[in-house]
Structure formats: structure tokens, C-alpha cells
Amino acid sequence: GEKPSARTLVGAHWGMLAKPDGYGEIWGVDAHPTLQHVYTTSMDGTVREWDLIDNRELKRMHLKYAGMAVSASADGKMVAVGHLNGSFTVVNSSLSAVVWPNTRHRVRRVTDVQFSPNSRLLAVASEMVIDVYAVRDGDPLDTSLGLNFAETSHAKLHDLDKRVGRVFERTGTCRGHTSSLRHLDWNLASTVIQSTSSGCELLYFSAPDCRRVTGAKHLADQQWWSQTCEFGWGVQGIWPRFADASDINSCGVSHSGRLLATTNDSGEAIVYNYPCVGSGMDKHGHMETRPQGHVLRGHCSHVTNCVWSPRDEYLITVGGADLCIFVWKITYANPPKAFVDAELVRTLQAQLDQAMKNKSMKASASPLATGVFPRDVLTADDPEERLRLLQKRISQKQRPDGPPPECSMCEYEFEDETTTTCPRCLMPRKVQRGAEDPDDPRIVKAPKTKLAPKKGFTDGFQAQDEESNLKPSATFSATNSHVMRPTASFAAQ
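What counts as what
Residues numbered from 1 in each chain as written. Predicted model: local features only at pLDDT ≥ 70, side-chain atom pairs only at ≥ 80, totals over all residues. Heavy atoms only, no water. Core = buried A, V, L, I, M, F, W, Y, C linked by side-chain atoms within 4.5 Å. Buried < 20%, exposed > 50% of the residue type's maximum accessible area, 1.4 Å probe, protein only. Helix = DSSP H or I, 4+ residues; strand = E, 2+ residues; numbered from the N terminus. Contact = heavy atoms within 4.5 Å. Pairing = 2+ DSSP bridges. Axes fitted to C-alpha atoms, helices over the stretch in contact; angles between N-to-C directions. Salt bridge = Lys/Arg side-chain N within 4 Å of Asp/Glu carboxyl O.

This part is about the nonpolar core. Formed by 15 residues in total, the largest nonpolar core has its most connected members in I130, V132, L184, W186 and I193. Within the residue set of this core, elements represented by two or more residues are β10 (121-126), β11 (129-137), β14 (181-186) and β16 (202-206). Setting aside anything within four residues of it in sequence, one finds I130 in contact with A123, V124, A125, G172, T173, C174, L181, L184, I193 and S195.

By secondary structure assignment, the location of G234 is in the loop between β17 (212-213) and β18 (248-253). The class for G234 is buried, based on a relative accessible area of 10%. With residues near it in sequence (within four places) discarded, G234 still touches L260, Y274, P275, C276 and V277.

The strand order across the open sheet built from four strands is β5-β6-β7-β8, with neighbouring strands paired in antiparallel fashion. Pairing within the sheet leaves two strands with one partner each, and these edge strands are β5 (67-72) and β8 (98-104). If you compare each strand with its neighbour and ignore which way they point, the axes differ by 15° on average.

Across all of its chains, the model carries ten salt bridges by this definition. A salt bridge links R56 to D54; the shortest N-O distance between them is 3.7 Å. Among the residues examined, R56 registers a relative accessible area of 43% and is labelled partly exposed. What you see here is one network of salt bridges that share partners, running through D44, R48, E57 and R60.

A cis amide bond, omega 5°, links A207 with the succeeding residue P208. With respect to the helices and strands, P208 occurs in the loop between β16 and β17. Cis geometry marks the peptide bond from Y274 to P275; its omega dihedral reads 5°. Note on placement: P275 falls in the loop between β20 (268-273) and β21 (294-297). A positive phi angle, near 55°, is found at N55, a position not held by glycine. Within the fold, N55 resides in the loop between β3 (46-51) and β4 (56-62). Note on N55: relative accessible area 25%, which makes it partly exposed. Positioned with a positive phi, F242 is a non-glycine residue whose angle comes to about 60°. Looking at the secondary structure, you find F242 in the loop between β17 and β18. A residue is classified by how much of its surface remains accessible, and F242, at 79% relative accessible area, is exposed.

This part is about the sheet that holds β14. Here four strands make up an open sheet; going across it, the order is β14-β15-β16-β17 and the pairing antiparallel. Strand pairing shows two members of the sheet lacking a second neighbour, β14 and β17, which therefore form its edges. Of the pairings in the sheet, the one linking β14 to strand β15 (residues 192-197) comprises five bridges and is antiparallel in character. When the bridges of β15 are listed, D185 appears paired with Q194.

So, about the pairing of β11. Counting buried positions over the nine residues of β11 gives seven, a clear majority of the element. With six bridges joining them, β10 and β11 adopt antiparallel strand pairing. Bridge pairing in β11 places A125 opposite I130. Between the end of β10 and the start of β11, which pair antiparallel, lie two residues, with E127 showing a positive phi angle near 55°. Two elements, β11 and strand β13 (residues 166-174), share eight bridges in a ladder whose sense is antiparallel.

Here you go:
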């Protein structure tokens with residue numbers, strides 16, 4: 001009789017590039033900014049694009065080195081891949097051409113790579129530093145230049161798109177960590193980078209000059225493009241009791257800002273409400289009440305990374321040794337309507353460009369320059385309402401009498417003219433220049449006597465108001481309003 005024929009239904013990542021029969025893992029995953037597609041890369045040296053709806057592989061590209069991290073640009077045109085040998089490669093979103101050939105400035109593996117929200121900067125984390133590259137338009141790609149083009153199985157060299165030429169120029173290096181880097185995030189303004197290391201460090205750097213930002217309180221109102229760093233106020237509740245710094249491999253906040261997903265070494269993905277603070281940390285660093293999460297089980301090995309789809313309809317998790325990609329479908333009782341996504345950044349950027357063109361505002365006063373976006377603007381459902389609120393806030397900053405006064409200590413922007421004390425740091429409010437009215441409530445007269453420590457306090461002053469200590473306004477816990485179930489699993493054949 002005839003021999004039975006076999007065909008591959010779903011192909012996935014396999015082993016390691018150097019040793020096809022060796023041990024390999026999947027570490028890199030990122031979602032397309034607008035489509036229901038996801039990009040993955042692993043130690044087999046391939047970067048692949050998957051369709052989340054049809055549960056199938058769309059395209060793959062074979063690279064020269066093993067992949068460890070991947071990032072899709074917010075404009076949906078580029079995909080950056082960090083390699084095991086410390087180099088990175090940038091390809092187009094259709095995985096048909098190399099935008100920038102393999103570039104290597106470090107000798108150890110790339111732990112994270114992230115495009116800025118405006119797609120003009122690229123941050124590559126390796127060893128204990130972060131290299132920042134400026135993305136500029138370059139000449140169209142020419143195969144006669146001898147560039148290190150990747151070998152592809154779905155596209156030939158003569159089919160390469162010649163309109164994707166880019167130039168990546170290193171503008172600086174962020175230094176300050178004392179141990180290997182783990183994750184990094186950009187703020188919405190593409191001006192600040194936050195990064196974490198295996199030594200439980202959380203540091204901030206300005207971009208693109210790569211200077212260290214030491215005043216963390218100045219960044220209290222920053223809105224972040226992503227939240228993959230496992231340390232911070234909004235993610236302090238993800239750590240279980242007696243956990244080690246390496247127990248949690250990754251985390252990610254949904255685009256709507258409702259949910260937070262984490263992955264760990266126990267083969268679990270846990271979803272919390274965001275922010276995940278529980279009862280908050282006391283002065284000894286202890287948390288009395290820890291938030292409850294929804295545990296997703298399915299991986300047979302440690303879960304290395306996770307990412308949310310553009311409209312938070314799916315959560316994608318990737319496993320290490322099991323080489324699996326799990327897609328979890330999310331059913332909401334009240335679906336979110338507002339998302340902090342690439343569309344929002346483009347809307348704010350267009351509004352800023354128009355305002356600067358009409359000379360109705362200064363670039364330094366814009367939300368994109370300061371990185372502080374009003375919450376009502378971020379959560380507005382209607383794009384026209386979002387623009388109206390943004391224009392209102394811009395006009396308030398450009399009053400004839402100058403910008404509203406700010407706290408001299410933490411730069412908190414006062415909304416009420418009669419406020420005499422900063423609600424954040426409790427510092428007395430200073431008078432705005434030009435206010436000479438002695439009856440002005442903003443004037444705080446200096447005390448006539450020197451302050452002295454009260455009895456029982458040897459190294460400080462007793463708090464005048466017990467309610468002044470900052471505490472979480474609410475305790476968040478997981479509810480049954482979000483039902484999750486796996487819809488597909490891409491496993492190695």
C-alpha cells in the first residue's frame with residue numbers, strides 16, 4: 001500500500017541555532033501596535049509573525065544570530081531584534097527586508113530592546129548599560145553595498161523593499177547600574193527611560209543625552225508607554241512573600257491601564273488589577289495585605305515573557321524550555337474604551353505640532369515635552385473630546401500671567417490659587433513673582449522662632465498632621481469580571 005504522508009500543521013520555534021538538537025528558549029515577544037499580530041524571537045535565530053485571530057504563522061525571517069528580545073515600533077514599520085552575542089538587527093514589519101544590518105557594541109547578550117513611542121529612538125540594554133540610538137531617514141537600501149542582509153525563507157533578495165532605509169546612530173550610553181539589566185521602559189514623551197537590574201535597582205535616565213535622573217519625586221506624574229520593569233509603586237504588590245529578585249521574569253500593564261500581567265519561574269502567568277499595591281509598604285518595607293490575582297496555568301516550564309494585544313483582547317505568554325506561545329482571550333464585563341496606545345501618541349504629537357506652528361504654545365510647556373499628561377485626556381473615549389481637553393489644558397498653561405505656580409520641592413502644579421501647602425510633599429507654597437499683595441493667601445510668613453525637635457524625637461520633627469502620610473487610596477484585588485481562557489497554543493512539532 002501507499003505510505004502515509006505527513007505534513008506540518010503548525011511550525012514553531014525549535015532548539016538553538018548553534019546546536020539544532022540542543023536546548024533553546026523563547027524570550028522575545030512583542031505585539032504589533034495596531035494589528036492583531038505578535039512577533040516572537042528565540043535562540044533558533046528566527047523572528048516570526050503570528051496571527052492571533054487565525055492562530056497561524058504569517059511570516060518568518062532567519063537571522064544570523066540567536067534572538068533574545070524583540071520590539072515593534074509604534075509607527076508599525078520596524079521590528080528590532082536583540083541577539084545573544086550583544087548585537088541587534090532591525091527589519092521591516094513585514095519581515096521581508098533588513099532596515100539596519102547587524103550592529104554590535106557589546107559582547108554579552110541583549111536583555112531588552114525598546115523603541116520610543118515616537119519611533120525616533122531605540123534603546124538596547126546589554127550588560128550593565130543601555131545604548132540609545134537615534135533613528136533617522138537614510139538612503140534607500142542597495143544590495144550592491146554589501147550589507148549583512150538576513151537570509152529569509154519567504155522573500156528573495158531582489159524582492160526587498162527599497163523604501164525602508166534607516167540610519168541608526170548611537171547618541172549615548174546610560175550608565176549607573178551595578179548588575180546586569182533586565183527591563184527598560186520609555187515614558188510617553190520619549191524623554192525618560194526607566195530600567196531595572198538583577199540587583200533590585202530602579203534607575204532613570206534622560207534621553208537622548210543619557211544623563212542620570214536622580215530626583216525620583218520629579219517623575220511621580222510621568223505616564224509610561226509600557227511597564228515591563230518589575231519595580232515601582234504601581235507594581236509593588238506583584239512580589240510574593242520571601243520572593244527572590246529572579247522569581248518574576250516579566251510584567252506588563254494593559255493598554256487600558258486596568259490589568260497587570262506577570263510571569264514567573266513556576267510556569268504561571270498571574271493577572272492583577274492595576275495598580276497592584278495591596279495595602280502598600282510600611283516604613284519597614286513590609287506589606288500586610290497582598291493583592292489577589294488570577295492565575296493562568298498551562299506552561300510546563302518557566303514563563304519568560306508576556307505582552308498585551310493592541311486593544312487588550314488577548315494576553316500572549318511565551319515559555320522557556322517548552323517553546324510554546326500561549327494566547328489567552330479576555331472577556332470583560334465592561335470593555336475598556338480608552339487606551340494609551342500609538343494612536344494616542346500620534347494624536348498628541350499632531351496637536352503639539354499644530355500648536356507650535358500657530359505659535360500658541362511653547363514646546364517646553366507641551367505635555368509631550370514634560371511627559372505629564374492630564375488623566376482626563378488619557379481616558380477620554382472620543383478623540384475629539386480628547387483634543388478639546390488637551391487644548392484646554394494647553395491654554396491654561398499659557399495664561400497672560402505666566403504658568404501656574406509649582407511646588408519648589410516636588411514641582412507639583414497647583415490647581416487652586418488659594419492653596420498654601422503642597423498636598424504631595426507638605427512644603428509651604430511660595431509666592432509667584434509679581435504678587436505683592438500682603439493679603440495674598442499664598443504668602444507664607446516665616447516663623448519668628450527657630451524650630452526644635454519635640455520631646456522623644458532626636459533626629460527629626462514630629463508630623464503635624466497624621467493624615468499627611470501618603471497612603472494608597474484604595475486596595476485593588478482581582479474580581480470575576482475578567483474571565484480568561486486559552487484559545488491557542490503554538491508548540492514545537
